[in-house]
Amino acid sequence: MKEFLEVLEQLYKKVLLGATLENDNQDYVVYLNPAFSDQDGCTATLSEYSHTLGVQGKRQPPSVNLATVSATPVCLKRHSQMSSAREITLLQLTVIKVMVTRVLSVETEFHAKEKYREIIKILLKSSDFESKLTCMFQNPDKLMAHMAAKCLALLLYFQLKEQITLSNSWIAFCQKNLSEYSESDNIVYCLWTLTVVIKEILKDTCSQKTEILKQFLTPFDTIFEVFYNSLFSQHFENRQDTSKIVNILICFLELLELLIASRIHLALHCTCQRHLFLKPSCVLDVITWPVQAFVKRKVIVFIKKCLLWKVGEDLCRASVPPLMPPDRHLGVDMLALADAILQAVDLGLLRTLSVHGKPSCFGGEVQGGCERVPGLDHVILRAASLLIIKSLEIKFQNCASASEMKVDLQRFMSELLAFLKPHLQPSVHSHNPCEWMSRVFIEQDDDMLEAARASMGIYLKLTRECEATESLTREKGIWNHHTHKNGYNPHCIFLFFLKNVGFDSTVLLDFLISSETCFLEYFVRYLKLLQKDWDEFFTICKYFDITESHDGMNICGCISSFAQDRHSNQTELCPLATPGSCRNAHAWVSPASDAYSEPPNQVLVSKGIHATLQANSLSPRQASQSLVDYGSSDDSEIESTDPCLANSKQTSLYPEAVRKIRDSVGTRGDQKELSLELQSRPSVPKESNAPGSVDCGTAPSSIVSEAGISYRTVKCLDELQGAINRLQKKNLFPYNPTALLKLLKQIETIYNKSMNPL
């Protein structure tokens, strides 16, 4: 047996390095075919290994000379005294796995790859080889079972790539275990094997992967539905141990996610890809099961990714393929999922959802002697909030009644704000309710922008429907109150977002050149809205200034006289609060809040370096055709909730281009180039009043504080415009920003006109 082990070790070393094998193929097959003492998945004894070799021709160990191999082995520590049959089997499985990986790798030398391919094909022709691997699933040795599943998954993918018919014994094994639901390890390894194969197909770059996946899924298309119904109909009342079903559930959720991902990224449409959408309540019910918090968290995050059409991004470690055109069932399926989520919320899902969890730490759970206060599970908070706002957007896109939408919006947003109230201190009810979004998503910018985009879609849809009935003009005050009370006013949301990033234009630029968020689409839609709704934006900015002054955060002390007189005009000047509650307008922002307070040197604008906001003229050079002509017409606005359109990413950047952009724009502390550019522009019209007071009789749009919210907002947009202009002139911007620059210039023009009404 010593020679047997030495040959396996040497064979592993050569295959690991991708070296060419010199001996006959059958010589290697003898040493790679596992032997078993029975059909229970247990490995053979050493004597049985010797007997197996004798039966197969009493071959001498082939010469595997490593003298020609110059590289040093990396992953194997030689065990010269190894005598365990278990170690032999594990080494055999490892060699097979590495050999298949080498065949699938483009880096393997051609002759070596062909030799490996022939050896694997000979192994697969053995009628009992795959049966041996499935028998190992029952082995009490978990490492052995896992290695067998991993090896089998790669062999299945190899057969699909080589257009070899899949083994009927393996298909029958999976169909039997998935149709006859039981909490055995066989189901877990069946699901895990299916998941690995689909992952490999999605990561593949070949053009035939749609056909390959279809061939693989066809035998299981109906079986998945049976298993789906069986798994989610389980009851936990009388169970002592739920670990097995939880393990099965986690594996199946990963498989479901990949099935849905294949629907998004491949032109393949199977029934098994629609099970979640046809019966979404089954998965939602898991949140009410008496299982561990991490299981509920995984379910909520899974549903969130399905709703945002972002499934598969975490499971596929390579870059996922581009989105495909939506299939004909997409709209119906997304609406069904959104309706199921809202129905669950209506039945009290949020009231039963616990967001208190153990504090996260490295190395496992907190020890008993270390008492720490349980913190909030912000993952669940964010996911639950995004589920509601996104579901409302999808539902409203399929609804034509403005009154019905208002009722649903008020009901579900009230439910959401009530759910968030005890977890956000100070409560959002003592502030502007629109602040909930920036506070919930402050640590997750991609989710925050998805929520902002969804709320924007809701606002625009309601606005259009109200304008169609001519009720918006008549009930403007009520309408403004409704948007603030239910926390979806787009101006407040955008201003809170800018406050979170410190009105830093470089942060906005990062978002614009990133392909990881939907900021470009959201930003363009907001700029188009801002052009039409400037007066409302300016009014809201003044209330932000008033709030800061009452919380001791007034940066220039120039709102006092306006604040003293606001009680006499509270009906007209308080669209942000309920009638009679305008005296509480100052309670919008938490006093001295760490999240929103800013150092004086970040907010004060010195009059000596005060510069005007004036747009640069576009370079006369010819620009390439824009990806999307955002400024062409109102119809160009992306209104659809089609996930394939909504989640289309911006053009990706090469690392070198990103580096050049960073170098060109500079850091936040290095604004020398920007300062020189701004100094060359005319100055902003000076205030007509002394710094300590503001004439309350002046129209709101005729004057602005140098450090007020509206000034800082437009200044931030102007700095962004200048940075984009510079990058465009150097051909460093990742897409044609002409239309975006046009929108920014129009905002600046509106601002300048409001400052100079004559």
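Just above, that's the structure.
As the structure is a computational prediction, the values presented were derived from the model and not from experiment.

A. Just the environment of S754, in detail. Within the fold, S754 resides in helix 35 (residues 738-755). Sequence spacing of S754 and W534 is 220 residues, and the spatial spacing of their C-alpha atoms is 9.4 Å. Within the local environment of S754, its side chain forms a polar contact with the backbone oxygen of Y751, the two atoms lying 2.6 Å apart.

B. Region of the structure containing helix 34 (residues 709-729). Here helix 34 is 21 residues long and its end C-alpha atoms lie 30 Å apart, about the 30 Å a rise of 1.5 Å per residue gives. Of all 21 residues that make up helix 34, 19 are buried, and the element is covered over most of its length. Taken from the residues just after helix 34, N731 is the one with a positive phi, measuring 60°.

C. Structural context of the packing of aromatic side chains. Going through the model one piece at a time under the given rule, you end up with 26 aromatic pairs. Ring geometry for F232 and F252: centres 6.2 Å apart, planes at 50°, overall tilted. Within this pair, whereas F232 is found in the loop between helix 11 (221-231) and helix 12 (243-265), its partner F252 is found in helix 12, the two being separated by 20 residues in sequence. Seen in terms of ring centroids, F497 and F519 are 5.9 Å apart; in terms of plane orientation they differ by 40°. Their pairing is tilted. Taken together, the residues span a long stretch of sequence, with F497 in helix 24 (residues 490-500) and F519 in helix 26 (residues 519-532) at a distance of 22 residues. Classification of F497 by relative accessible area gives buried; the value is 4%. On the basis of relative accessibility, which here comes to 0%, the residue F519 falls in the buried class.

D. Spotlight on the packing of helix 5 (residues 110-125) against helix 7 (residues 142-161). Where helix 5 contacts helix 7, the two axes come as close as 12 Å, and the packing angle between them is 105°. By the angle class used here, helix 5 and helix 7 are roughly perpendicular. Side by side, helix 5 and helix 7 meet where R117, I120, K121 and L124 of the first sit next to L155, F158 and Q159 of the second. Looking at the contact of helix 5 with helix 7, its residues break down into 4 nonpolar, 1 polar and 2 charged.

Rules used in this analysis
- Residues numbered from 1 in each chain as written.
- Predicted model: local features only at pLDDT ≥ 70, side-chain atom pairs only at ≥ 80, totals over all residues.
- Heavy atoms only, no water.
- Helix = DSSP H or I, 4+ residues; strand = E, 2+ residues; numbered from the N terminus.
- Polar contact = N/O pair within 3.5 Å; in protein donor to acceptor, adjacent residues only side chain to side chain.
- Expected span 1.5 Å × (residues − 1).
- Buried < 20%, exposed > 50% of the residue type's maximum accessible area, 1.4 Å probe, protein only.
- Phe/Tyr/Trp six-rings, centres within 6.5 Å; stacked < 30°, edge-to-face > 60°.
- Axes fitted to C-alpha atoms, helices over the stretch in contact; angles between N-to-C directions.
- Parallel < 35°, antiparallel > 145°, perpendicular 65-115°, else oblique.
- Contact = heavy atoms within 4.5 Å.
- Nonpolar A, V, L, I, M, F, W, Y, C, P; charged D, E, K, R; others polar.

Read these as geometric descriptors, not functional statements.
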